[in-house]
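Chain by chain, the residues run as shown.
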Amino acid sequence: MEENLTHNSLDFLKKLNKYTLDSKLMICQKYSSRIMSLSEVDFVKAYNENIMPWEIEAFAAYSIVYDDDNATEALDIKTFGEIITLIRNYWHSGLTTAEQDGRYPEIFMMISALQQFPVQGVFLQKLFRYHYFFTFQNEKVDMKKIFYKKIGVDYERFEVFAFLVFLSFSKEAQNKLLKVDILKLSRIAFSDNAVFKELCIEKEEYKKKLASLYKDNVIDQYYGLKIQYVYPFISGVDFIYAPSPYLVINAVTESMLNRITYNDIELRRLIGKEVIENYLYDILSQLDTATWISSEIKYNKGKDIMLSPDVITAEGDNIVFYDTKAITPSLKLRKFDAKEITKDIDIYAEDVIQIYNQIQNYLQGLFLLDKEYTKTQIFGIVVVLEDAVVSRKRVYDKVFEIMEKKIHLSDGDKGYICSHIKIISLRAIECMVLQNTSILPELISQLDKPERWYDYTYENVTSKNGLNQIYESYERSIKNKIKQIMKECV
């Protein structure tokens, strides 16, 4: 039998007090750089290095929580490895409760995904999305103006900064580029003091913000949001630290969106309605396989004026209804909060029902598409900005519970809902569409495979189809901008 290495105490973290902050955070930076490729956090590299991003992030956070200015001992690689292993093998009491309730797989998946998904993916794709968001302008919203008013710096400077920092810290880039060019990249980035100031936090302020989120509860801090997702640079007495430099991408993208919409529900709604809907329409319209596309269609149902799903895209004989939701997971999910999990399941269930009702309205002839489609040719996707990763099985069960209070659902109806209507994150849609690849074939492939109906994503990333045109244009533009900046810097 294999030895069980799990344990349920975090007391081992107290030994971090012995070591200097400099040695602790520099070793984090070293291993972070090793798992950074030229374009993303590389999980193959992470596997080979036997360390995961979330483990480095937790170690860095606890290094600050357990920091003693009088410490003089330097942390060595062996001790670092031992502590990382203990962090990895910690068994949270929430997992024990989930195991007893028979819900361990879904809870483990949710908590693991909330930790790991945010750093996955090509960083240029994420920068592209938020470049679109923060520079979007139409007659109803001027995001360039809003961003500048809230932050005081144009967004383009943040994306250039993040690009330069990611490359300059990447070990792979350091192995491929000349040392003089790497130094130039970092020098150019950190010369933008206005941007750097927005992304750097003083060590004591870091502790205060962490305490405001989780008090002094080191257990909640284990799965909790790490402050370096917002502030990837931490200032000490003599040095500035970047324990997880790849988080500069998260800091200038989703974390920046959370900053500018903090306590501003109306702005969040406006961005969801105007910006995200237009973004999805624009990237889907570039798909080579798209034969027809429409934004939301106004129609009547009795005396009521209704709106169809946000974006409708036809691909040959099939059609997909997309409904965007600008929702993000609550921090309470990271505390295994049962009420919050139930709340998100309820929200997702209502979103699924909304799309199902739209499909029924179309089948009843209440609005027209480019041609007639049968029920089996229609798919629906609830596109969430950030996925709470709650159990899809429980979402569908809730859908049926709500609907059967009003109508009878046959087994065929239930099968249709599970196989044809999905909840998928915007990132999962993007990683296909920005590679000029439709998600529809993946949806069709799972129709007669009930074991796949509750999957969280249906990705099949490929490079053979080239790039989405507007994404390719952005990629070319920012790379040319970087080249020009490098050329001008002597």
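Residue positions are given per chain, counted from 1 along the sequence in the order it is written. The predicted nature of this model means local features are confined to residues of pLDDT at least 70 and side-chain atom pairs, given and counted, to a pLDDT of 80 or more, with totals for whole chains, interfaces and linings taken over all residues. To obtain the side-chain values, all non-hydrogen atoms of the structure were included, while hydrogens and water were left out.

**Topic: the packing of aromatic side chains**
Any pair of Phe, Tyr and Trp rings, taking the six-membered ring for Trp, is counted once the centres come within 6.5 Å. Such a pair is stacked with planes under 30 degrees apart, edge-to-face with planes over 60 apart, and tilted for the rest. Summed over the entire model, instances satisfying the criterion amount to 34 aromatic pairs. When the ring of Phe-59 is compared with that of Phe-80, the centres are 4.8 Å apart and the planes differ by 80 degrees; the resulting orientation is edge-to-face. With Phe-59 in helix H3 (residues 53-65) and Phe-80 in helix H4 (residues 77-88), this residue pair connects regions lying 21 residues apart in the sequence. Think of it in three bands: with a 1.4 Å probe and only protein chains considered, a residue is buried below 20% of the maximum accessible area for its type, exposed above 50%, and partly exposed in between. By relative accessible area, Phe-59 is classed as buried at 0%. Ring pairs connect the aromatic residues Phe-128, Tyr-130, Tyr-132, Phe-133, Phe-134, Phe-136, Phe-147, Tyr-155, Phe-158, Tyr-279, Tyr-471 and Tyr-474, which therefore count as one cluster. Each ring is checked for a lysine NZ or an arginine CZ that lies within 6 Å of its centre and within 35 degrees of its normal; such an atom marks a charge sitting over the ring. Here the guanidinium or amino end of Lys-414 rests over the ring plane of Phe-400, the centre of that ring lying 5.5 Å away. Each helix is a run of DSSP H or I of at least 4 residues and each strand a run of E of at least 2, with the numbering of both proceeding from the N terminus.

**Observations regarding a positive patch on the surface**
Residues enter patches when their relative accessible area tops 30% and they take part in no salt bridge; the joining distance is 9 Å for like charges and 5 Å for the nonpolar side chains Val, Leu, Ile, Met, Phe, Trp and Tyr. For accessible areas, the Shrake-Rupley method is used with a probe of radius 1.4 Å. Any residue's cover is judged against the shown protein chains and nothing else. Any carboxyl oxygen of Asp or Glu within 4 Å of a side-chain nitrogen of Lys or Arg constitutes a salt bridge here. None of His or the chain ends enter the tally, which takes Lys and Arg as positive and Asp and Glu as negative. Charged groups are reduced to one reference atom each: NZ for lysine, CZ for arginine, CG for aspartic acid, CD for glutamic acid. Side chains of Lys-215, Lys-332, Lys-335 and Lys-339 sit close together on the surface and give a patch of like positive charge. Along the polypeptide, Lys-339 turns up in helix H18 (residues 338-363). A residue is classified by how much of its surface remains accessible, and Lys-339, at 73% relative accessible area, is exposed.

**What about the packing of H3 against H4?**
One way to put it is that H3 packs onto H4 with a least axis distance of 10 Å and a crossing angle of 105 degrees. Judged by the angle between their axes, H3 and H4 are roughly perpendicular. Across from Trp-54, Glu-55, Ile-56, Ala-58 and Phe-59 in H3, the residues of H4 making contact are Phe-80, Ile-83, Ile-84, Ile-87 and Arg-88. By the convention adopted, Pro, Cys, Tyr, Trp, Phe, Met, Ile, Leu, Val and Ala count as nonpolar, Lys, Arg, Asp and Glu as charged, and the other residues, Gly among them, as polar. In terms of residue class, the contact of H3 with H4 is built from eight nonpolar, no polar and two charged. Helix axes are fitted to C-alpha atoms over the stretch in contact, other axes to C-alpha atoms as well, and angles between N-to-C directions run from 0 to 180 degrees. Should an angle lie under 35 degrees it is considered roughly parallel, over 145 roughly antiparallel, and from 65 to 115 roughly perpendicular; all remaining angles are considered oblique. Contacts between residues were defined by any pair of non-hydrogen atoms, one from each residue, lying within 4.5 Å.

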